[in-house]
Amino acid sequence: MSEPIIAVVGASGVVGRQVVQGLLMRDHPADHVRAFASERGAGEELDFGDDSIVIEKYGDDSLRGANVVIVAAPPEVARPVAERAQALGLWVVDLSGSFRVDDKVPLVVPGVNDGVLDRPFPGRIVSLAHASTQAFTRALEPLRAAFGLLFADATVLCGSAVYGSPGVAQLSKQTAELMNAKDPDLEVFPHRLGFNVIPSVGAIEGGLSQQERALLIETARVWGGEKMPAVTTTSVLVPTYHGFTLVLSAHLARRADADGVRAVLKADSGLKLLYEPAENIYPMPMLATDDATVHVGRVRVLGERVQLVAAIDNAFRTADAALDIAFELADRD
Ligand SMILES: NC(=O)c1ccc[n+]([C@@H]2O[C@H](COP(=O)([O-])OP(=O)(O)OC[C@H]3O[C@@H](n4cnc5c(N)ncnc54)[C@H](OP(=O)(O)O)[C@@H]3O)[C@@H](O)[C@H]2O)c1
């Protein structure tokens, strides 16, 4: 196919903006990009090199003529948009998690289970795993392949952008209010996040927060099978804007030494090993900005036990992965 027409629903949001920027970085022609949002975001002009893309209000006929749609909208909006696009014959890359439990929809973590797209699947919707699942499975995948994995735990520290643009705006507002000795506005998070840490991302049900449940469900699908390790996780909201940091503990199936573990991590082109502890070089969201690789470091090994830290730019990696998948799908019938 010549250049596909790519539609982005949710183009005014944290992730959607990154998708449009990603199209510019890939030299995609401006007249092959369509950007949509609700009435609130419609009308905004997004910079696109020498051109600009005007965000349109999404409606039932918006997607006609497009080849692929990337859906970066809240789940309650994303599901009907994805289903409508599929009915129109478009390929769909859903970023909302709406289809994560749907066996008919492939769930992808690039660099971990890309092969799932090579097998036939019904329908035209592909679901990209949540950024926390991507970071968790991507960071540990080379260790799983080289040594086997019996158990893995992740504490996922998330900046406020995990709640989208409203999360970013709310943290700014709360911080300013607290600095001015005012009571903080409490609209987005269950407690104030300014100068605080909240050990939950999304509502808690049955002991698990929404994001913890997403990671467990998605990891079971991505790594599933007989050799599926036991997995535990805790999600924590921290008062930063962008990026995730993961504190990872793993129990390997075979003993390893620190040099061997670091060599395996270093050899993986999807990871960036930052390991100069004496020089204070280790993964931080600040260093992962605009980088689609998962940064890993602070590696410690004791027999079968490994501890390490990972960091990602969640929105950038999600957008970059979505575009890789979108262009691959666009080449299909
Ligand atoms: N934040 C992350 O790092 C991240 C990573 C991976 C996946 N995700 C998922 O990606 C999706 C978007 O996340 P985000 O962080 O970008 O959220 P966000 O900043 O709140 O953006 C949401 C986007 O959806 C649009 N939207 C809302 N209602 C709409 C409607 N009725 N019709 C059309 N567009 C509508 C919004 O447009 P308006 O401006 O008009 O409201 C906005 O463009 C979510 O499902 C999220 O779970 C987020």
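Within each chain, residues carry numbers counting from 1 in the order of the written sequence. Local features are withheld for residues below a pLDDT of 70 in this predicted model, meaning they are given only at 70 or higher, and side-chain atom pairs are given and counted only at 80 or more; totals for whole chains, interfaces and linings count all residues.

**Q** Can you break down the overall build of the protein chain residue by residue, with the values?
**A** We count a stretch as a helix when DSSP gives it H or I for four or more residues in a row; a strand needs E for two or more, and each element gets its number in order from the N terminus. Scanning the protein chain from terminus to terminus reveals eight helices and 17 strands. For the C-alpha atoms alone, the extent of the protein chain along its principal axes is close to 60 × 60 × 40 Å. Any residue surrounded by 20 or more other C-beta atoms within 10 Å of its C-beta is treated as buried, while 12 or fewer makes it exposed and the intermediate range makes it partly exposed; C-beta atoms here are placed from the backbone. Classification of the 333 residues of the protein chain by burial places 46% in the buried group. Residue pairs are scored as contacts if the distance between their C-beta atoms, which are placed from the backbone, is within 7 Å. Sequence-distant contacts, at least 24 apart, represent 65% of the contacts inside the protein chain between residues at least 6 apart.

**Q** How would you sum up helix H1 (residues 14-25)? Please name residues and give values.
**A** Its 12 residues place the ends of H1 17 Å apart at the C-alpha level, agreeing with the 16 Å of an ideal helix rising 1.5 Å per residue. All of the buried residues along H1 are Val-14, Val-15, Gly-16, Arg-17, Gln-18, Val-19, Val-20, Gly-22 and Leu-23. An expected span of 1.5 Å times one less than the residue number is assigned to each helix.

**Q** How would you summarise the sheet that holds strand S14 (residues 244-252) if you had to cite specific residues and measurements?
**A** In spatial order, the strands read S13-S10-S14-S17-S16-S15; together these six strands make up an open sheet with mixed pairing. Each edge of the sheet is formed by a strand with only one pairing partner; in this case those strands are strand S13 (230-237) and strand S15 (271-274). With direction set aside, neighbouring strand axes in the sheet form an average angle of 25°. A pair of strands is treated as paired once DSSP finds two or more bridges between them. Taken together, the six bridges between strand S16 (residues 294-302) and strand S17 (residues 305-312) define a ladder with antiparallel strand orientation. The residue of S17 that forms the bridge with Arg-300 is Gln-307. Angles here are taken between N-to-C directions and fall from 0 to 180 degrees, while the axes themselves are lines fitted to C-alpha atoms, restricted in helices to the stretch in contact. This element, helix H3 (residues 131-147), spans strand S10 (149-158), S13, S14, S15, S16 and S17 of the sheet and lies at about 30° to S14. Contacting S15, S16 and S17, helix H6 (residues 258-266) runs over the sheet at an angle of about 165° to S16.

**Q** Provide a residue-level description of the nonpolar core, including the pertinent values.
**A** The term nonpolar core refers to a set of buried Ala, Val, Leu, Ile, Met, Phe, Trp, Tyr and Cys residues connected through C-beta atoms within 7 Å. Of all hydrophobic cores here, the largest spans 98 residues; its most connected members are Val-8, Val-69, Ile-70, Val-71, Ala-310 and Ala-322. Broken down by element, the residue count for this core peaks at eight residues, all from helix H8 (residues 314-330). Note that the domain bounds were set by an automatic or database domain assignment. Here this core gathers at least three residues from each of two domains, domain 1 (6-129 + 317-330) and domain 2 (133-314). Setting aside residues up to four positions removed in sequence, Ala-322 forms contacts with Val-19, Ile-70, Val-93, Leu-95 and Leu-128.

**Q** Please give an account of the site of the ligand that cites residues and values.
**A** Contacts to the ligand come from 32 residues, most closely from Gly-10, Gly-13, Gly-41, Ser-96 and Gly-164. Elements with a minimum of two residues in the shell around the ligand: H1, strand S2 (33-37), helix H2 (75-87), helix H4 (164-179) and H8. Classification convention: Asp, Glu, Lys, Arg as charged; Ala, Val, Leu, Ile, Met, Phe, Trp, Tyr, Cys, Pro as nonpolar; all other residues, Gly among them, as polar. When its residues are assigned to classes, the shell around the ligand shows 19 nonpolar, 12 polar and one charged. Domain assignment of the residues forming the shell around the ligand places at least three in each of domain 1 (6-129 + 317-330) and domain 2 (133-314). What makes a residue near a molecule or strand is its C-beta atom, placed from the backbone, lying within 6 Å of it.

**Q** Got a sec to walk through the sheet that holds strand S7 (residues 91-94)? Specific residues and values, please.
**A** Taken in spatial order, the seven strands make up an open sheet running S5-S2-S1-S6-S7-S9-S8, and their pairing is parallel. Each of the sheet's edge strands pairs with one partner strand only, and the pair in question is strand S5 (56-57) and strand S8 (107-108). The sheet contact formed by strand S1 (residues 6-9) and S2 spans four bridges and is parallel. Bridge pairing links Val-9 to Phe-36 in S2. H1 contacts S1, S2 and strand S6 (68-71) of the sheet and is inclined by roughly 160° relative to S1. Along the sheet, H2 makes contact with S1, S6, S7 and strand S9 (125-128), crossing S7 at roughly 160°.

**Q** I'd like a description of the environment of Val-105, backed by residues and values.
**A** Along the chain, the position of Val-105 falls in the loop between S7 and S8. The buried category is assigned to Val-105, around which 21 C-beta atoms lie within 10 Å. If near-sequence neighbours (up to four positions away) are discounted, Val-105 is found in contact with Phe-99, Gly-123, Ile-125, Val-126 and Ser-127.

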